[in-house]
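Chain residues, written in single-letter form:
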2 protein chains.
Amino acid sequence: MTSKQRADANTDLDVDDLTRAIENFNRYYIRLPAVQKLSFTTLSVLDTLAYGGPKRLTELARTEQISQPGLTQLVTRLERDGLVERHPDPADGRAVLVHVTGSGRRIGQARREDRGRHLLPLIAQLTPAEQQAIAAALPALTRLAELGTEAGTAGPEAGR
Amino acid sequence: MTSKQRADANTDLDVDDLTRAIENFNRYYIRLPAVQKLSFTTLSVLDTLAYGGPKRLTELARTEQISQPGLTQLVTRLERDGLVERHPDPADGRAVLVHVTGSGRRIGQARREDRGRHLLPLIAQLTPAEQQAIAAALPALTRLAELGTEAGTAGPEAGR
DNA sequence: CAGACTTATATAAGATACTTATGGATCACG
DNA sequence: CGTGATCCATAAGTATCTTATATAAGTCTG
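Residues numbered from 1 in each chain as written. Chains lettered and ligands numbered in written order. Predicted model: local features only at pLDDT ≥ 70, side-chain atom pairs only at ≥ 80, totals over all residues. Heavy atoms only, no water.

Peer 1: Explain the relation of the copies chain B and chain A to me, using residue names and the numbers behind them.
Peer 2: In screw terms, the move from chain B to chain A is a rotation of 180° and a rise of 0.1 Å along the axis, fitting with an RMSD of 0.1 Å. Seen this way, the second copy is the image of the first under a two-fold rotation axis. Every residue of chain B has its C-alpha some distance from the rotation axis, and the shortest such distance is that of alanine 137 of chain B, at 3.1 Å. Interface overlap between copies is the fraction of interface residues in one copy that are interface residues in the other; for chain B against chain A it reaches 100%, indicating a shared surface. (Least-squares fit on C-alpha atoms with pLDDT ≥ 70 in both. Contact = heavy atoms within 4.5 Å.)

Below, the structure is given as structure tokens:
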């Protein structure tokens, strides 16, 4: 429970500490605003498309961890609401490329801004040193996420 | 879009940078393992109870942002599976205190460990400086989350 | 270049987990 | 004590997922 192995107490990042901190933070962060009542999956798809560009249905279903029919239906709903569009893939007649629209992009943005508004007063309560520490960690955190998504995309994956 | 206001480029933490980094990370992190197929809400409830101790149904419903009947049903399922228990509140005959059981606690733990296993090889690819930066930010991140949950619990909340 | 196989999406039927509306029991207060 | 508020449970309806299956396009082989 308490005895963790680290090569160097000063250099090494303890994974358990990281996951615990992230989950504690997320427990608060994820349910911040309910301005618009959209499901978790819905928001994630919009965000994935906004960040990574148009994607095939199959690819989205994999990354979002829902079934392909489930994603087809989700995209149908999103398309009906004008948040995404289906475009044929010029390189493959079977495939559909899902594009996020301006409205769809705005939803994710609005949500992020809303969360920012909630966090701002809390951040103000942190000491300058704490603020600095978080700011200094963000590039590394971003890179960590990139390493993860790259590996997940490239890897053949052992199995479900 | 690009011009952000900061009092001091070195000291201040830009909120937009933080939310963006967190969301990028979460997009990868949240869907890491599918070892056990439990819904997002289910895991969150178990985690909340494991971290914060027994809670009333109403209180849980508020923090988890689902309706009270929805939570009653969820707790019923969890109780059936031996992950939580209902205990009467000695101080209030109407209330029910939801306790997480050992099994319930273990589920959250297993998931966290599983995520740790996924992150470990990625962390190894970071530079020592990057690892250090993240490690140094964790206490501040934890405190930020605490400030948030405290405020959320105490505050009268303007409205939905 | 025809047939068999694979891949990409869609549809259908069913299961699950949520929602709103409502009821019964306990508490707080005058 | 009786009136209103609070806490939880039940009921009925809806939304969103699942598995199974169909259709169409690409690929590969002889």
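Let's pick the thread back up.
Peer 1: I'd like to hear about the packing of helix α1 (residues 15–29) of chain A against helix α1 (residues 15–29) of chain B, residue by residue, with values.
Peer 2: Closest axis-to-axis distance for the α1 of chain A/α1 of chain B pair is 12 Å, and the angle between their directions is 110°. When the interaxial angle is binned, α1 of chain A and α1 of chain B end up roughly perpendicular. Facing α1 of chain A, whose interface residues are Thr19, Ile22, Glu23, Phe25, Asn26 and Tyr29 of chain A, α1 of chain B presents Thr19, Ile22, Glu23, Phe25, Asn26 and Tyr29 of chain B. A per-class count over the contact of α1 of chain A with α1 of chain B returns six nonpolar, four polar and two charged. (Axes fitted to C-alpha atoms, helices over the stretch in contact; angles between N-to-C directions. Helix = DSSP H or I, 4+ residues; strand = E, 2+ residues; numbered from the N terminus. Parallel < 35°, antiparallel > 145°, perpendicular 65-115°, else oblique. Nonpolar A, V, L, I, M, F, W, Y, C, P; charged D, E, K, R; others polar.)

Peer 1: An account of the pattern of salt bridges is requested, with residue identities and associated values reported.
Peer 2: For the structure shown, the criterion picks out 22 salt bridges over all chains. A salt bridge links aspartate 89 of chain A to arginine 56 of chain A, with the shortest nitrogen-to-oxygen separation between them at 3.4 Å. On the criterion of sequence distance, the pair formed by aspartate 89 of chain A in strand β2 (residues 84–89) and arginine 56 of chain A in strand β1 (residues 55–56) is long-range, its members being 33 residues apart. Of the residues examined, aspartate 89 of chain A reaches a relative accessible area of 12% and is grouped as buried. Residue arginine 94 of chain B pairs with aspartate 92 of chain B through a salt bridge whose shortest N-O separation is 2.9 Å. (Salt bridge = Lys/Arg side-chain N within 4 Å of Asp/Glu carboxyl O. Buried < 20%, exposed > 50% of the residue type's maximum accessible area, 1.4 Å probe, protein only.)

Purely spatial values, then, with no claim about function.
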